[in-house]
Amino acid sequence: MLDTVAPYKPGKSVAAPAGGRSYKLSSNESPYEPLPSVVEVIAKAAREVNRYPDPTSMRLMEAIAERHDVPTGHVTLGPGSVTIVQQLLTSVADPGTESVYAWRSFESYPLLSDLAGMTSVRVPLAGEEHDLGAMAEAITDRTRIVFVCTPNNPTGVAARRSQLEEFLDRVPEHALVVLDEAYHEYVRDADVPDGLTLYRDRPNVVVLRTFSKAYGLAGLRVGYMIAQEPVAAAVRKTIVPFAVNHLAQAAAIASLKAEDELLERVEQVVKERTRVREALVEQGWTVPPTEANFVWLRFDDEQRTLAFTDACAAAGVAVRPYPPDGVRVSIGTPEANDVLLRAADAFRNG
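Residues numbered from 1 in each chain as written. Predicted model: local features only at pLDDT ≥ 70, side-chain atom pairs only at ≥ 80, totals over all residues. Heavy atoms only, no water.

Undergrad: How do you make sense of the sheet that holds strand 6 (residues 176-180) when you look at a structure like this?
TA: The strand order across the open sheet built from seven strands is 2-8-7-6-5-3-4, with neighbouring strands paired in mixed fashion. Only two strands of the sheet have a single partner each, and these edge strands are strand 2 (75-78) and strand 4 (119-124). Adjacent strand axes in the sheet meet at a mean angle of 25 degrees, parallel and antiparallel pairs treated alike. Examined bridge by bridge, strand 6 and strand 7 (residues 205-210) share four bridges and lie parallel to one another. Within strand 7, the position partnered with Val178 by the bridge is Val206. Taken strand by strand, helix 4 (residues 108-115) contacts strand 3 (98-103), strand 4, strand 5 (143-149) and strand 6, and its axis lies near 165 degrees from that of strand 3. (Pairing = 2+ DSSP bridges. Helix = DSSP H or I, 4+ residues; strand = E, 2+ residues; numbered from the N terminus. Axes fitted to C-alpha atoms, helices over the stretch in contact; angles between N-to-C directions. Contact = heavy atoms within 4.5 Å.)

This is the structure we're talking about:
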């Protein structure tokens, strides 16, 4: 079975050009280090790593529940939201069952569906956004889980409220709908709903969030799920003991306490996102509106996709190609973004 499973391909780094430096804009990481107050908590917690972490992550679960005004029993933790995707699939998979998701979307969906022994049903995007009508039509009595990545990775487009609510109304009770909101904190479109306003009266709706992106804790691996108690309890049964380590738990709690300061940094990324997209559009690129911390450059040509990736690498910028469809570029510091814009302009006019 494993011979047929394609491994996950992470974003790469590139070498610095002569006399310059390199910038990694391939993994949607925060360009900012953790806040000093969070680093201080991590340093203190590091002196306790001879002990096992709290296996229930109870203090962090309670902090998340308080932050979002939900019952603690609705919260489930995992070492990154991608691991919770795996836990969800484990909890619903049976022989002959199916997972439904848009394509192109988050690259872990097919990998983890395969590992769970489920059949993937890929529904083509409508341009750069989910075709929710077609996804609803793709659901059968064998469907156990449907992933809606919003904003979508790698295209950055988010599902609108009316479309999403109409879709959810069409999904039968036997299928879980996972609203994967890893980039929720970057959303500025008022018509894009917060998934937590939708799950409360829908027992089959699950919301995923992460501390990897906006909170800048990608290296510590901590994500969470909010769902109705029966779903949350089932998924908690699938977690590996002590999966969320002590440093991750401490850092996530500290990050929630420092959220106002962290979200100021998020706002800086949003401003840079607007600047970068507008500059790319002015250069003549096709760049859809994005609600995430990255932009998507549409190519529809494998050779040009890879050639653009190589041109950026030569300038010292690592981007993420998705041949033949396009290239995803994370928003970095203003300096990194300027280098990217110069490379993009040179490639287009070269």
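Once you've had a look at it, read on.
Undergrad: How should the UniProt feature "modified residue: N6-(pyridoxal phosphate)lysine" (unreviewed entry) in the protein be read in this particular structure?
TA: When the UniProt feature table is mapped onto this chain numbering, "modified residue: N6-(pyridoxal phosphate)lysine" (unreviewed entry) sits at Lys213. Relative to the elements of secondary structure, Lys213 occurs in the loop between strand 7 and strand 8 (223-226). The contact partners of Lys213, leaving out residues within four places of it in the chain, are Ser27, Asn28, Ser30, Ala182, Tyr183 and Tyr186. (UniProt positions renumbered as here; feature names shortened; annotations may be inferred.)

Undergrad: Hey, could you run me through the nonpolar core in this one?
TA: Within soluble globular proteins, side chains that are nonpolar generally end up buried alongside one another. Residues Phe167, Phe211, Leu280 and Leu340 are the most contacted members of the largest nonpolar core, which totals 83 residues. If you tally residues by element for this core, the top one is helix 12 (residues 334-349), at seven residues. Both domains that meet at this core, namely domain 1 (23-34 + 258-349) and domain 2 (36-256), each give it at least three residues. Those residues in contact with Leu340 that lie beyond four places of it in its chain are Leu25, Val276, Leu280, Cys312, Val317, Val319 and Val329. Judged by nonpolar contacts, the second largest core, of 23 residues, contains Leu89, Tyr109, Val206 and Val231. (Core = buried A, V, L, I, M, F, W, Y, C linked by side-chain atoms within 4.5 Å. Buried < 20%, exposed > 50% of the residue type's maximum accessible area, 1.4 Å probe, protein only. Domains from an automatic or database assignment.)

Undergrad: I keep staring at the packing of aromatic side chains and nothing clicks. Help me out?
TA: Between two aromatic rings, the relevant description is the distance of the centres plus the angle of the planes. This structure, assessed with the given rule, holds 14 aromatic pairs. An aromatic cluster is present here, built from Tyr101, Trp103, Phe106, Tyr109 and Phe147 joined pairwise through their rings. Stacked on the ring of Phe294, the Lys or Arg Arg328 has its end atom at 5.8 Å from the ring centre. Here Arg348 stacks its cationic end above the ring of Trp285, 5.1 Å away from the centre of that ring. (Phe/Tyr/Trp six-rings, centres within 6.5 Å; stacked < 30°, edge-to-face > 60°. Lys NZ or Arg CZ within 6 Å of the ring centre and 35° of its normal.)

Undergrad: Sorry, what's going on with empty space enclosed by the protein here?
TA: Considering all chains together, one arrives at two cavities of 30 Å³ or more under this definition. Of the voids in this model, the largest cavity is the one considered here, and its volume is about 40 Å³. Every residue along the wall of the largest cavity is listed here: Ser30, Tyr32, Glu33, Pro34, Ala214, Tyr215, Gly216, Leu262 and Arg265. For the lining of the largest cavity, a count of residues per class yields five nonpolar, two polar and two charged. Taken together, Thr150, Pro151, Glu181, His184, Val187, Val192 and Pro193 make up the full set of residues lining the second largest cavity. (1 Å grid on protein atoms, 1.4 Å probe; cavity = no way out; pocket = protein on both sides within 12 Å on 5 of 7 lines; lining within 4 Å. Points joined across faces, edges and corners; volume = space filled by probe spheres on them. Nonpolar A, V, L, I, M, F, W, Y, C, P; charged D, E, K, R; others polar.)

Undergrad: Would you mind showing me how to read the environment of Gly11 here?
TA: Mapped onto the elements of the fold, Gly11 is located in the segment before strand 1 (23-24). Distance in space between the C-alpha atoms of Gly11 and Leu60 is 29 Å, their sequence separation being 49 residues. Setting aside residues up to four positions removed in sequence, Gly11 forms contacts with Lys24, Ser26, Ser27 and Arg320.

Undergrad: Whenever I open this one, the UniProt feature "domain: Aminotransferase class I/classII large" (unreviewed entry) in the protein confuses me. Can you help?
TA: As annotated by UniProt and renumbered to match this structure, "domain: Aminotransferase class I/classII large" (unreviewed entry) occupies residues 24-342. From the first C-alpha to the last, residues 24-342 spans 16 Å; its make-up is 41% helix and 17% strand.

Undergrad: Can you help me understand the pattern of salt bridges in this one?
TA: Side-chain pairs of opposite charge can arise where the charged atoms are in close proximity. Evaluation of the coordinates by the stated rule reveals 22 salt bridges. Note that Asp189 is salt-bridged to Arg160, the shortest N-O span being 3.0 Å. Of the two residues, Asp189 sits in the loop between strand 6 and helix 7 (196-199) while Arg160 sits in the loop between strand 5 and helix 6 (161-170), which places them 29 residues apart along the sequence. Across the pair Glu181 and Arg209 runs a salt bridge, and its minimum N-O distance is 2.8 Å. Within this pair, whereas Glu181 is found in the loop between strand 6 and helix 7, its partner Arg209 is found in strand 7, the two being separated by 28 residues in sequence. The exposure class assigned to Glu181 is buried, which follows from its relative accessible area of 2%. Taking the relative accessible area as the measure of exposure, Arg209 reaches 2% and is therefore buried. When salt bridges with common partners are traced through the structure, they connect Arg104, Glu107, Glu128, Arg298, Asp300, Arg320 and Asp325 into a single cluster. (Salt bridge = Lys/Arg side-chain N within 4 Å of Asp/Glu carboxyl O.)

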